[in-house]
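# Tertiary structure, described
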Amino acid sequence: MRVLVIGSGAREHALLLALKADPSVEKLFVAPGNAGTAKLAEQHAVDVASGEAVTALAKKVEADLVVIGPEVPLVLGVADALRQAGIAAFGPSAEAARIEGSKAFAKDVMAAAGVRTAHSEIVDSPALLDAALDRFGPHWVVKDDGLAAGKGVVVTTDRLIARDHAAELLENGHPVLLESFLDGPEVSLFCLVDGESVVPLLPAQDHKRVGDGDTGPNTGGMGAYTPLPWLPEGAVEEIVRDVVKPVAAEMVERGVPFSGLLYAGLAMGADGPAVVEFNCRFGDPETQAVLALLDSPLGEVLNATATGTLASLPPLRWKDGAAVTVVIAAENYPGRPRTGDEILGSEGEGVLHAGTAVKDGAVVSAGGRVLSVVGTGFDLTAARDDAYSRIAGIRLPGSHFRTDIGLAAVEGRITL
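Residues numbered from 1 in each chain as written. Predicted model: local features only at pLDDT ≥ 70, side-chain atom pairs only at ≥ 80, totals over all residues. Heavy atoms only, no water.

Turning next to the sheet that holds strand β12 (residues 205–206). One open sheet holds the five strands; their spatial order is β12-β15-β18-β22-β19, and the pairing between them is antiparallel. Looking at which strands have only one partner, the edges of the open sheet turn out to be β12 and β19 (351–353). Two elements, β19 and strand β22 (residues 369–377), share three bridges in a ladder whose sense is antiparallel. Opposite Leu352, over in β22, you have Ser372 as the bridge partner. Of the strands in this sheet, β15 (223–226), β18 (322–329) and β22 touch helix α12 (residues 380–391), which is tilted by about 140 degrees from β22. (Pairing = 2+ DSSP bridges. Helix = DSSP H or I, 4+ residues; strand = E, 2+ residues; numbered from the N terminus. Contact = heavy atoms within 4.5 Å. Axes fitted to C-alpha atoms, helices over the stretch in contact; angles between N-to-C directions.)

This is the structure:
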């Protein structure tokens, strides 16, 4: 297979690494890519939001399969354009991608499918905001109803902070989603979905807040680990049975079958799993950890999903042990990041590039989340040690990272 990967982050770097290990993949392309992916795949410039441009590139490089990493091109229908041109695409249609692109749509699907989630209200007018806020608390969860790259969410016990965030969203023309607070540790479960066929990957846990101890504002994700030693045996099967399969069936029923990667973000509360959100693509940074343990050939897996043959795929194989991803972020992230600084030590094994570029022959920072460093080991402690030992050799002025990725699980501080 000749495979084109769309995107420029560490998720795409991880996808390319796993695809390169698949004997059935003979040539890799990436668009637009970054300084790290350039060593794995032939890079091309492309407007990722344009179905016409992506399709033209796929034809030019004679791609047998196009793997779309980010959510924006999926929501905008890039996978539809590829399929209309007869090119296999890993990623849902624009209609199915609304499961992430519109939280209101996702809530409607879950209600129809009988899937547990938070009580919610949409507020689309400042005049209705205060009365709506009064119906929630003492924890307020305030979300942008559309795409916000993981940073449109505020969870707080301070009503004023909740109100300010909601008012800012409304002022910018974005409807606000207010939700009841879901208790319990969170789980990210990626599932390959082809209509009503569902194949789960390893469960992972993301660390959204910028600082150690889950402090500071939400980010796109500062690190992740897999598997989850605190998750009871049978929990993944329960999530697939009670959450993912009913949602997949409901989307088929609505005439918008899902094809691609359906990511369920869940809170494991006292009453069982409840959905925090759905995403329509591989999550970042969980993908970097999950794919580090995948032993099955990724090209065959993604192609089977894209071509409607997922049901006949052999069971997935996984390596023993654990994997940890730690994100190195630029100064001031998740605010406006400082960019253009030279990065030293970014060529090592397990170092995946995200916000990087090449300038005058040097690798420089070019985004907020700059690198993802992946460690593996026979258990979570060893994987953490491996990841942080790799970070010790990296230098980026003003950068920061969390020192506690996976630590609560190692210390047995996560319980159901």
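Having seen the structure, we can now continue with the description.
So, about the pairing of strand β17 (residues 272–279). Burial analysis of β17 places seven of its eight residues in the buried class, which makes it a mostly covered element. In this structure, strand β16 (residues 259–269) lies alongside β17, joined through seven bridges in antiparallel fashion. Each residue of the ladder has a partner; that of Ala264, found in β17, is Phe278. The turn linking β16 back onto β17 is made up of two residues. (Buried < 20%, exposed > 50% of the residue type's maximum accessible area, 1.4 Å probe, protein only.)

Within the element layout of this structure, Glu71 appears in helix α3 (residues 71–75). Within the structure, Glu71 has its side chain in polar contact with the side chain of Arg281 (distance 3.4 Å). (Polar contact = N/O pair within 3.5 Å; in protein donor to acceptor, adjacent residues only side chain to side chain.)

Time to look at the pattern of salt bridges. Taken as a whole and judged by the stated rule, the model has 23 salt bridges. The salt bridge involving Arg281 is made with Glu71; its shortest N-O contact spans 3.4 Å. With Arg281 in the loop between β17 and α10 (286–292) and Glu71 in helix α3, this residue pair connects regions lying 210 residues apart in the sequence. Note that Glu411 and Arg413 form a salt bridge whose closest N and O atoms lie 2.8 Å from each other. On the accessibility criterion, Glu411 (47% relative accessible area) is partly exposed. Of the residues examined, Arg413 reaches a relative accessible area of 52% and is grouped as exposed. Salt bridges here are not isolated pairs; linked through shared partners, they connect Asp130, Asp134, Arg159 and Arg163. (Salt bridge = Lys/Arg side-chain N within 4 Å of Asp/Glu carboxyl O.)

Another point: unusual backbone geometry. That bond from Ala31 to Pro32 is cis: its omega, -5 degrees, falls within 30 degrees of zero. Tracing the chain through its elements places Pro32 in strand β2 (residues 27–32). With a phi close to 55 degrees, Asp214 is a non-glycine residue in the positive phi region. Structurally, Asp214 is set in the loop between β13 (209–211) and β14 (215–218). Its relative accessible area of 48% is what places Asp214 among the partly exposed residues. Here the phi dihedral of Asn332 falls at roughly 85 degrees; this positive angle occurs in a residue that is not glycine. Counting through the fold element by element, Asn332 comes out in the loop between β18 and β19.

This next bit is on the side chain of Asp284. Mapped onto the secondary structure, Asp284 falls in the loop between β17 and α10. For Asp284, the side chain forms a polar contact with the side chain of Gln288, separated by 2.9 Å. Not counting residues up to four positions away in its chain, the partners in contact with Asp284 are Ala10, Arg11, Gly220 and Arg369.

The next thing to look at is helix α2 (residues 51–60). If you check which residues of α2 are buried, you get Gly51, Val54, Thr55, Leu57 and Ala58. One face of α2 carries all of its buried residues, which in axial projection span an arc of 160 degrees. In α2, those exposed residues whose orientation departs by more than 90 degrees from the buried face are Glu52, Lys59 and Lys60. For α2, the elements touching its buried residues are β1 (2–7), β2, β4 (65–68) and α4 (78–84). Where α2 terminates, the next one or two residues include Glu62, which has phi positive at roughly 55 degrees. (Arc of directions from axis to C-beta.)

On to helix α8 (residues 159–171), then. Taking 1.5 Å per residue as the helical rise, α8 with its 13 residues ought to reach 18 Å, and the 18 Å between its terminal C-alpha atoms agrees with that figure. Where α8 is concerned, the buried positions are Ala162, His165, Ala166, Leu169 and Leu170. For α8, the buried positions fall inside an angular range of 135 degrees around the axis, keeping them on one side. Among the exposed residues of α8, those oriented more than 90 degrees off its buried face are Leu160 and Glu171. Next to the buried residues of α8 lie β6 (120–123), α7 (129–134), β7 (140–144), β8 (153–156) and β9 (176–179). The N-cap residue of α8 is Asp158: its side-chain oxygen and the backbone nitrogen of Leu160 are 2.9 Å apart. Where α8 terminates, the next one or two residues include Gly173, which has phi positive at roughly 85 degrees. (Expected span 1.5 Å × (residues − 1).)

These figures capture arrangement, not role.
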